[in-house]
Amino acid sequence: MESERNKRLLQDVLARPGNDVCADCGNAGLSSDFLEPEQETLGQWEIREPDWASVTLGVFVCQGCSLLHRGIPHISRVKSVQQETWDASEVELMAAMGNEPAKAKYEQKVPAFYYRPKHTDCKLLREQWIRARYERNEFEFIEKQEPYSAGYREGFLWKRGRDNGQFLSRKFILSEREGALKYFNKQDFVYLPQARDPKAVMKIETLNATFQPAKIGNPYGLQITYLRDNSTRNIFVYHSDSKEMVDWFNAIRAARFHYLQVAFPGASDEELVPKLTRSFMKEGFMEKTGPKHTEGFKKRWFTMDDRRLMYFKDPLDAYARGEVFIGSKENSYTVLPGLPTSTQGYHWNHGITIVTPDRKFLFACETEAEQRDWIAAFQRVINRPMRPQEYAVEAHFKHKP
Ligand SMILES: [Zn+2]
C-alpha cells in the first residue's frame with residue numbers, strides 16, 4: 001500500500017542523525033537529562049521522540065514546538081508522524097531537508113550571545129526562537145540582528161512601581177559605551193527634556209535578566225537584577241510585544257558578552273556564554289528565624305541566585321531584607337535536614353539547618369518536597385568548590401553592617 005510505503009520511508013528519514021531530537025528545542029528521547037526534576041524522582045524514563053514534522057520546512061519537532069509552529073501557519077504546516085497519512089511528495093520534502101540541513105540553513109549566523117531556548121524555557125523564548133529562525137530569517141541576515149547587536153538600545157518598558165505595584169511606562173536606555181542600563185521617568189522626557197537624570201543606573205558588570213512569567217503575572221515578565229553597594233536590586237518589566245521583549249533580553253546578553261570579552265581577554269565564547277544571564281537555582285516560600293533562633297519564624301520569599309540566598313517579604317520586592325552567602329563544604333558550609341531539637345516557633349514542619357562559619361540559619365518548609373528541593377539546591381552550591389573571585393564576594397558579606 002502506498003501510504004504504508006510512505007510511512008516506512010518516513011521512518012527511515014526519522015532515523016537519520018539529528019532527526020531524533022526536536023529541531024527547535026533539542027528535546028530528545030531516552031535521556032534523564034531532559035526530564036523535569038519531578039519526573040526524575042519517579043524513576044521513569046520517558047521516551048520523547050519528535051512525533052511531529054513541519055512538512056513545509058522539513059524539520060522534525062516535539063509536540064510543544066509543533067504547537068508554536070501552528071502560530072505561523074503561513075510558514076509552517078505541521079503533521080503528526082505517527083497519526084496522519086503522508087503522501088509521497090511530503091516524505092520527499094522531509095528526506096530532502098531534515099534537522100541538520102535545516103540547522104545549517106536557518107542558524108547560519110546565530111550570534112554567540114543569542115539565547116537558544118531549551119524545552120523547559122518559557123513559551124515566549126521558545127516561540128520567538130522559532131519565529132526568528134523561520135519567519136524572520138534573522139540568522140541568515142545579520143542586519144536583522146541590529147535590535148540586539150548594535151550595542152545601544154532604547155525604548156519604553158512597563159516597569160512595576162516599587163511602592164504601589166502598578167506597572168508604568170518607563171524609558172530604558174542600554175548603552176555598552178556607558179556600560180549601563182538606565183531608566184527614566186517618562187514625564188521627565190516628555191515635559192522636562194532637561195531633567196534627564198536616570199532613576200537608576202544598572203551597571204552591565206552586575207546585570208542579570210531572567211524571564212519570570214508566573215511570578216510577575218505576565219507572560220512576557222522579565223526580572224532584571226543588579227548590584228548596588230553589593231546588595232541585590234530587582235526591577236520587574238515587560239513589553240506588550242513579544243519580539244521587543246526578547247530583543248531586550250538578547251540586547252542585555254550582548255552587552256554582557258561584550259563587557260566580559262573585555263574583562264576576560266582570551267576567554268573563549270564557550271566560557272563566557274554561560275555567564276551572560278542566569279536563572280535562579282530555586283525560589284519559593286520558607287519560614288525563617290533570626291540570629292538568636294528565639295525570634296519566632298516568619299514566612300519569607302527566598303531566591304537562590306548562585307551563591308546568594310536572598311529573602312524578601314514579597315516575591316516582587318525591589319530589594320532583599322537580607323542576603324546570605326552560601327560557600328562550599330571546604331569552607332565549612334553544610335546543609336542538614338531538620339532543626340535543632342530546642343527550636344520553637346515554626347509553623348511548617350520540614351526544617352533545614354544551614355551551618356556557615358559564622359552562624360546557623362534555620363528554615364522551615366511547608367512540604368517535604370519543598371524541603372528536598374531546597375536541600376538539593378543548597379547541596380549543589382556547597383558541593384562546588386569556590387572560585388577565587390567568590391572569596392571576595394564572601395568577604396563583602398562578612399563585612400556587612
Ligand atoms: Zn521542541
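Quick note: structure is the one above.
Residues numbered from 1 in each chain as written. Predicted model: local features only at pLDDT ≥ 70, side-chain atom pairs only at ≥ 80, totals over all residues. Heavy atoms only, no water.

Chemist: I keep staring at the overall build of the protein chain and nothing clicks. Help me out?
Modeler: In terms of helices and strands, the protein chain carries 13 helices and 17 strands. Dimensions of the protein chain, computed from the C-alpha atoms along their principal axes, are close to 80 × 60 × 45 Å. Buried residues in the protein chain amount to 49% of all 401 residues. Look at the contacts in the protein chain between residues 6 or more apart in sequence, and 53% of them connect residues 24 or more apart. If you sum the accessible surface of the protein chain, you get close to 20,300 Å²; carbon and sulfur atoms cover 50% of it. The averaged location of the 55 negative side-chain charges in the protein chain is 6 Å from the averaged location of its 58 positive side-chain charges. (Helix = DSSP H or I, 4+ residues; strand = E, 2+ residues; numbered from the N terminus. Buried < 20%, exposed > 50% of the residue type's maximum accessible area, 1.4 Å probe, protein only. Contact = heavy atoms within 4.5 Å. Areas by Shrake-Rupley, 256 points an atom, 1.4 Å probe, with all protein chains shown as cover. Lys, Arg positive; Asp, Glu negative; His and termini not counted. Charge placed at Lys NZ, Arg CZ, Asp CG, Glu CD.)

Chemist: What am I meant to see in the packing of helix α6 (residues 123–135) against helix α10 (residues 242–263) here?
Modeler: The angle between the axes and the distance between the axes are what describe a pair of packed helices. It is at 10 Å that the axes of α6 and α10 come closest, and there the two elements cross at 95 degrees. By the criterion of interaxial angle, the relationship of α6 to α10 is roughly perpendicular. Where α6 abuts α10, its residues L124, L125 and Q128 lie against S242, K243, M245, V246 and F249. Along the lines of polarity and charge, the residues of the contact of α6 with α10 split into five nonpolar, two polar and one charged. (Axes fitted to C-alpha atoms, helices over the stretch in contact; angles between N-to-C directions. Parallel < 35°, antiparallel > 145°, perpendicular 65-115°, else oblique. Nonpolar A, V, L, I, M, F, W, Y, C, P; charged D, E, K, R; others polar.)

Chemist: What exactly am I supposed to notice about the pattern of salt bridges here?
Modeler: Between side chains of opposite charge, pairing is possible as soon as their charged atoms come close. Under the defined criterion, the tally for this structure stands at 22 salt bridges. Measuring nitrogen to oxygen at the nearest pair gives 2.8 Å for the salt bridge that ties E244 to R153. Of the two residues, E244 is situated in helix α10 and R153 in strand β4 (residues 152–160); the sequence distance between them amounts to 91 residues. Owing to a relative accessible area of 31%, E244 belongs among the partly exposed residues under this scheme. E178 is the partner of K182 in a salt bridge, and the nearest nitrogen-oxygen pair spans 2.6 Å. Connected through salt bridges with shared partners, the residues D24, K103, E107, R116 and R133 form a single ionic network. (Salt bridge = Lys/Arg side-chain N within 4 Å of Asp/Glu carboxyl O.)

Chemist: How should the side chain of T343 be read in this particular structure?
Modeler: Along the chain, T343 falls in the loop between β15 (334–337) and β16 (350–355). Within polar-contact distance, the side chain of T343 engages the backbone oxygen of P340 at 2.6 Å. Not counting the four nearest positions on each side in its chain, T343 is found in contact with F297 and L362. (Polar contact = N/O pair within 3.5 Å; in protein donor to acceptor, adjacent residues only side chain to side chain.)

Chemist: Is there a simple way to explain the sheet that holds strand β13 (residues 308–312) in this structure?
Modeler: Backbone-to-backbone hydrogen bonds join strands into a sheet, with any given pair of strands oriented parallel or antiparallel. Taken together, the seven strands give an open sheet; going across it, the order is β14-β13-β12-β11-β17-β16-β15, and neighbouring strands pair in antiparallel fashion. At either end of the open sheet lies a strand with only one pairing partner, and these are β14 (322–325) and β15. When strand polarity is set aside, the average angle formed by the axes of neighbouring strands in this sheet is 35 degrees. Where strand β11 (residues 282–288) and strand β17 (residues 360–365) come together, two bridges link them in antiparallel fashion. Along β17, the bridge assignment pairs K288 with F363. Contacting β11, β12 (298–305), β13, β15, β16 and β17, helix α12 (residues 368–383) runs over the sheet at an angle of about 110 degrees to β11. Seen against the sheet, helix α13 (residues 388–398) touches β13 and β14 and runs at an angle of roughly 135 degrees to β14. (Pairing = 2+ DSSP bridges.)

Chemist: Whenever I open this one, the coordination of the zinc ion confuses me. Can you help?
Modeler: For a metal with four tetrahedral donors the ideal donor-metal-donor angle is 109.5 degrees, whereas six octahedral donors ideally subtend 90 or 180 degrees. Coordination of the zinc ion by the protein comes from C22 (SG), C25 (SG), C62 (SG) and C65 (SG), over a distance range of 2.3 Å. One can describe the site at the zinc ion as tetrahedral: its four donor atoms subtend angles covering 106 to 114 degrees at the metal. Mapped onto the polypeptide sequence, the residues donating to the zinc ion form the spacing pattern C-x2-C-x36-C-x2-C. Note that C25 is positioned in the loop between α1 (2–14) and α2 (37–41) and C62 in the loop between β2 (59–61) and α3 (63–69), a separation of 37 residues in sequence. When sorted by exposure, C25 lands in the same class as C62, which is buried. (Donors = N, O, S within 2.8 Å, 3.2 Å for Na, K, Ca; no water. Tetrahedral: all angles 85-135°; square planar, octahedral: opposite > 155°, others 65-115°.)

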